[in-house]
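As a plain string of letters, each chain reads:
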Amino acid sequence: ISEIMDLGSQSSFAATDNIPLELEVEETLKLLELLSTRFPLVIVIEANHDYRLARKALKVLPTEFSLLVEETNLMQLLVRPFKNVVFVPNWYAQIEDVLICHASKTSSVSLKVVGDLDLYFKDHHHDLGIKMPYRVLIQGHTHQLGVLYKPDLKLFESGMLCSIRSWYQKIPSRTCWI
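My aim in this report is to walk through the structure given alongside it, one point at a time. Because the structure is a prediction, the values reported are computed rather than measured.

Conventions adopted
Chains are numbered independently. Their residues run from 1 in the order of the written sequence. Thresholds applied to this predicted model are a pLDDT of at least 70 for local features of residues and 80 or more for the giving and counting of side-chain atom pairs; totals over whole chains, interfaces and linings are not thresholded and use all residues. To get the side-chain values, all heavy atoms of the structure are used, and hydrogens and water are removed first. Here, nonpolar core means buried Ala, Val, Leu, Ile, Met, Phe, Trp, Tyr and Cys residues that are tied together by side-chain atoms lying within 4.5 Å of each other. The classification of residues rests on relative accessible area computed with a 1.4 Å probe and restricted to protein chains. Under 20% of the type maximum is buried, over 50% is exposed, and intermediate values are partly exposed. What counts as a helix is a DSSP run of H or I of at least four residues, what counts as a strand is a run of E of at least two, and both are numbered from the N terminus. Note on contacts: a residue pair qualifies if any of its non-hydrogen atoms lie within 4.5 Å across the two residues. If DSSP finds at least two bridges between two strands, the strands pair. The axes are straight lines fitted to the C-alpha atoms, using for helices just the contacting stretch, and the angles between their N-to-C directions are given from 0 to 180°. Note on definitions: salt bridges are taken to be side-chain nitrogens of Lys or Arg within 4 Å of carboxyl oxygens of Asp or Glu. Note that bend, as reported per residue, equals the angle between axes fitted to the 7 residues terminating at that residue and the 7 residues originating from it. Two aromatic rings, drawn from Phe, Tyr or Trp (for Trp, its six-membered ring), form a pair once their centres lie within 6.5 Å of each other, and the interplanar angle then sorts them: stacked below 30 degrees, edge-to-face above 60, tilted otherwise. The span you would expect from a helix comes to 1.5 Å times its residue count less one. By arc we mean the arc of the directions from the helix axis to the C-beta atoms, nothing more.

Focus on the nonpolar core
In step 1: Within the largest apolar cluster, 14 residues are counted, with the highest numbers of intra-cluster contacts made by L99, C101, L117, F121, I130, Y134 and L137.
In step 2: Those elements that provide at least two residues to this core are β4 (98–101), α5 (112–128) and β7 (153–158).
In step 3: Among residues more than four places away in sequence, those in contact with Y134 are Q94, D97, L99, D118, F121, K122, D152 and L153.
In step 4: V25, L35, V79 and F87 belong to the second-largest nonpolar core, a separate cluster that totals 13 residues.

Below, the structure is given as structure tokens:
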């Protein structure tokens, strides 16, 4: 899984929900606890929202504190109490023949991002340590839901596990899948 916290209260976007950080952390810990009791292994992949708190702190802290904060990932701290929850400090992970990723890429064209990532992984698999061939590629981040079938390969944009905000619904190119 990836991006299980929105951290909207730490966002630079004005239109995000202002849920108190303490509440979001509490609810995230409850979700991690539930997942850790239901599954033998839970893998959490690094995502862009994980760094919202650090980016906000960097704006107000003196420069000399930047080394302490800039690489701080809140999710990496929150998974620590759970023995079977592993944080992957990377935007992708491979489990057998499945690639799961959270690349910070978007497109108004449905399934373009996951198609582009397929080409990227095929071109760079040696450098990235990807074992070929993979049969499944799952991409988060786009907030879109879809599947693309190729011979011996399924490509997914995995959607999201959250409420659709009213401001987001007003953008037709982003809600064609609702």
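Picking up after the structure, the text goes on.
Considerations on the sheet that holds strand β6 (residues 145–150)
Backbone-to-backbone hydrogen bonds pair the strands of a sheet. The strands run either parallel or antiparallel.
In step 1: Overall, mixed pairing links the five strands, which are arranged β3-β4-β5-β7-β6 in an open sheet. The strands lining the two open edges of the sheet, one partner per strand, are β3 (92–95) and β6. Across the sheet, the mean angle separating the axes of adjacent strands is 15° when strand polarity is ignored.
In step 2: Sheet topology places β6 next to β7; six bridges connect them, and they run antiparallel. In the sheet register, L148 faces β7, and the bridge partner there is L155.
In step 3: Each of β3, β4, β5 (136–139), β6 and β7 is contacted by α5, which is oriented at about 120° to β7, the strand it contacts most.

Quick look at the pattern of salt bridges
In step 1: Tallied over the full model, the rule gives six salt bridges.
In step 2: Between K30 and E26 there is a salt bridge whose closest N-O contact spans 3.7 Å. Placement of the pair is K30 and E26 together in helix α1 (residues 21–38), with a separation of four residues, close to one helical turn.
In step 3: A residue is classified by how much of its surface remains accessible, and K30, at 44% relative accessible area, is partly exposed.
In step 4: Assessed through its relative accessible area of 42%, E26 is described here as partly exposed.
In step 5: One salt bridge in this structure joins R135 and D97, with 2.4 Å as the shortest N-O distance.

Description of α5
In step 1: At K122, α5 is deflected by roughly 50°, the largest bend along its length.
In step 2: Among the residues making up α5, those that are buried are V113, V114, G115, L117, D118, F121 and H125.
In step 3: Elements that come into contact with the buried residues of α5 comprise β3, β4, β5, β6 and β7.
In step 4: One or two steps after α5, the chain reaches G129, where phi turns positive at roughly 75°.

Quick word on the packing of aromatic side chains
In step 1: All told, the structure shown has six aromatic pairs when counted by the stated rule.
In step 2: Ring geometry for W91 against Y120: centres 6.1 Å apart, planes inclined by 45°, an arrangement best described as tilted. Of the two residues, W91 is situated in the loop between β2 (85–88) and β3 and Y120 in helix α5; the sequence distance between them amounts to 29 residues.
In step 3: Relative accessible area serves as the criterion here: at 32%, Y120 is assigned to the partly exposed category.
In step 4: Measuring from ring centre to ring centre gives 5.5 Å for W91 and F121, while their planes differ by 25°; the resulting arrangement is stacked. Of this pair, W91 sits in the loop between β2 and β3 while F121 sits in helix α5; the two residues are 30 residues apart in sequence, bridging distant segments of the chain.

A few points about unusual backbone geometry
In step 1: The omega torsion across M132 and P133 is -10°, close enough to zero to call that bond cis.
In step 2: Residues other than glycine seldom take positive phi values, yet E96 does so here, at roughly 55°.
In step 3: Checked against the element boundaries, E96 lands in the loop between β3 and β4.
In step 4: Classification of E96 as exposed rests on a relative accessible area of 68%.

Topic: α1
In step 1: Between its first and last C-alpha, α1 extends 26 Å over 18 residues, near the 26 Å set by a 1.5 Å rise per residue.
In step 2: Regarding α1, the residues found buried are L21, E24, V25, T28, L32, L35 and S36. End-on, the buried residues of α1 take up no more than an arc of 105°, which puts them together on one face. Summarising the geometry of α1, the exposed residues directed more than 90 degrees from the buried face are E22, T37 and R38.

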